[in-house]
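# Coordinates in review
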Amino acid sequence: MVDMGLTLIAIAGVLATGTLASSRCNENVLKKSIAQAQEECVQYLNIPRARLAVYNEFIYPKDTETQRMVRCVGINLGWWNDTNGVQEAVIRSYFHPDPEDCLYDRRTYHCLKSQRLDCPTLDPSARAYESFRCYYEQYGNIVTTPQFVPFTSLQLVDVMMQCDTMLQQPDDAPCTRIFKPSERYIGCLLRCFLLRTGLYSEHHGPNLDRLYVQCNNYANETLFRERTTSCYRHLKSECLDECTLVRRFVGECFDDGLLQLIRLHINTNLNGASVTIGVTGNVDVGLGAATGALAGSLVSGLIGGLTMPVAGVGGMVGGVL
């Protein structure tokens, strides 16, 4: 019998994907403001609507109800995780520092450290609230316009599988014991993946604002932008075809950051089968080699040089850049 919890996760993934639609290639991109997230969380948590007027004035009393609401907003917008705490690259996009203030970053850092907010044994709602308060009081003013919401692991897997379906991988792949996706296929899969997530466009190249937020592990944003832009321009000057350009961009223009994008340590239920995808290269698949090939192709394309052992019907899945 399929586990009810996994079924609910799968249903939620489908519903989330349906609400992400916007326009054309970037149809999966979601932008949301703090006010929008607050309104949703007040409804989700069954908080009296009268309190929403207070929150919309950006007033956050230190009580249990507000702490739960702030944690919900953080999860909703992608800047909070109960295990890892505040996601700095994400939450920064919701605050605008004063251009004359040179110490906002340091003050925020000391505020977070003084609260011991990296201790996972503390109440997660209190930790989320205090983290938000540090940014609100020390970093800058709240940005009221909608900002890019990073994709969850489940959403990334969904986009990946959509791309594989649209690209029509050869039908004979599931029948072979060894499936080695071509460099061309890996590049085209990555291109589709980045286009549909809005992290890249053929006209403008990489969307550095979104990539920085999604990758979430670059300490120096300026250095990230400079190196990524320089690397992309160099590749662009070689007049490569689009699939090759994207494959090499992902493989050559990131030290480790884009791997965070595909750090999919996720157990979910897809058509009644469990799929585990990890950055280590192990892909356990209950659907056979077709799904394993898909996971192996993308992760191999991003990491480079990995051979993906797949447990189940399919045997071995390999892909090398």
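Figured I'd write up the structure that's included with this text. Predicted model only: the values in this text are computed from it and were never measured.

Conventions we followed
Residues numbered from 1 in each chain as written. Predicted model: local features only at pLDDT ≥ 70, side-chain atom pairs only at ≥ 80, totals over all residues. Heavy atoms only, no water. Helix = DSSP H or I, 4+ residues; strand = E, 2+ residues; numbered from the N terminus. Axes fitted to C-alpha atoms, helices over the stretch in contact; angles between N-to-C directions. Parallel < 35°, antiparallel > 145°, perpendicular 65-115°, else oblique. Contact = heavy atoms within 4.5 Å. Nonpolar A, V, L, I, M, F, W, Y, C, P; charged D, E, K, R; others polar. Phe/Tyr/Trp six-rings, centres within 6.5 Å; stacked < 30°, edge-to-face > 60°. Buried < 20%, exposed > 50% of the residue type's maximum accessible area, 1.4 Å probe, protein only. Core = buried A, V, L, I, M, F, W, Y, C linked by side-chain atoms within 4.5 Å. Salt bridge = Lys/Arg side-chain N within 4 Å of Asp/Glu carboxyl O. Expected span 1.5 Å × (residues − 1). Arc of directions from axis to C-beta. Polar contact = N/O pair within 3.5 Å; in protein donor to acceptor, adjacent residues only side chain to side chain.

## Points about the environment of L195
Position of L195 among the secondary structure elements: in helix 9 (residues 183-196). Put simply, L195 and C163 are 32 residues apart on the chain and 9.9 Å apart in space, counted from C-alpha to C-alpha.

## Observations regarding the packing of helix 9 against helix 12 (residues 242-252)
At a closest axis distance of 7 Å, the pairing of helix 9 and helix 12 adopts a crossing angle of 80°. Between helix 9 and helix 12, the crossing angle belongs to the class labelled roughly perpendicular. Where helix 9 approaches helix 12, its residues E183, R184, I186, G187, C188, L190, R191 and L194 are matched on the opposing element by E242, C243, V246, R247 and V250. When grouped by side-chain class, the residues that make up the contact of helix 9 with helix 12 number seven nonpolar, one polar and five charged.

## Section: the packing of aromatic side chains
A full pass over the atoms with the stated rule returns 14 aromatic pairs. Taking 5.1 Å as the distance between ring centres and 80° as the angle between the ring planes, the aromatic pair formed by Y60 and F132 counts as edge-to-face. Separated by 72 residues along the polypeptide, Y60 in the loop between helix 3 (50-55) and helix 4 (64-77) and F132 in helix 7 (residues 124-139) bring together distant segments of the chain. An identical accessibility class is assigned to Y60 and F132; each is buried.

## A closer look at the nonpolar core
Core analysis: the largest hydrophobic core is formed by 64 residues, its most contacted members being Y60, M69 and W79. Among the elements that take part in this core, helix 9 stands out by supplying eight residues, more than any other. When residues no more than four places from it in sequence are discounted, the contact partners of Y60 are I34, Q38, Y55, T66, M69, V70, Y129, F132, Y136 and I142.

## Considering the environment of E137
Checked against the element boundaries, E137 lands in helix 7. In this structure the C-alpha to C-alpha distance between E137 and R107, which are 30 residues apart in sequence, comes to 9.3 Å.

## Topic: the pattern of salt bridges
Where charged atoms from two side chains of opposite charge approach closely, those side chains can pair. For the structure shown, the criterion picks out 19 salt bridges. Measuring nitrogen to oxygen at the nearest pair gives 3.5 Å for the salt bridge that ties E183 to R247. Of this pair, E183 sits in helix 9 while R247 sits in helix 12; the two residues are 64 residues apart in sequence, bridging distant segments of the chain. With relative accessibility at 40%, the residue E183 sits in the partly exposed group. In this structure R247 comes out as buried when scored by relative accessible area, which is 13%. E221 is the salt-bridge partner of R225, the closest N and O atoms lying 3.0 Å from each other. With R225 and E221 both in helix 11 (residues 221-236), this residue pair falls four residues apart, about one helical turn. One network of salt bridges, with partners in common, ties together K62, E130, R133 and E137.

## Observations regarding helix 11
For helix 11, with 16 residues, the first-to-last C-alpha span of 22 Å sits near the 22 Å given by 1.5 Å per residue. Looking only at helix 11, the buried set comprises F224, T228, C231, Y232 and L235. The buried residues of helix 11 occupy an angular sector of 100° when the element is viewed end-on, so they sit on one face. Opposite its buried face, helix 11 presents the exposed residues E226 and R233, each directed more than 90 degrees away. Along its buried surface, helix 11 packs onto strand 8 (200-201), strand 9 (205-206), helix 10 (208-215) and helix 12. The opening residue of helix 11 is N220, an N-cap whose side-chain oxygen sits 3.1 Å from the backbone nitrogen of T222.

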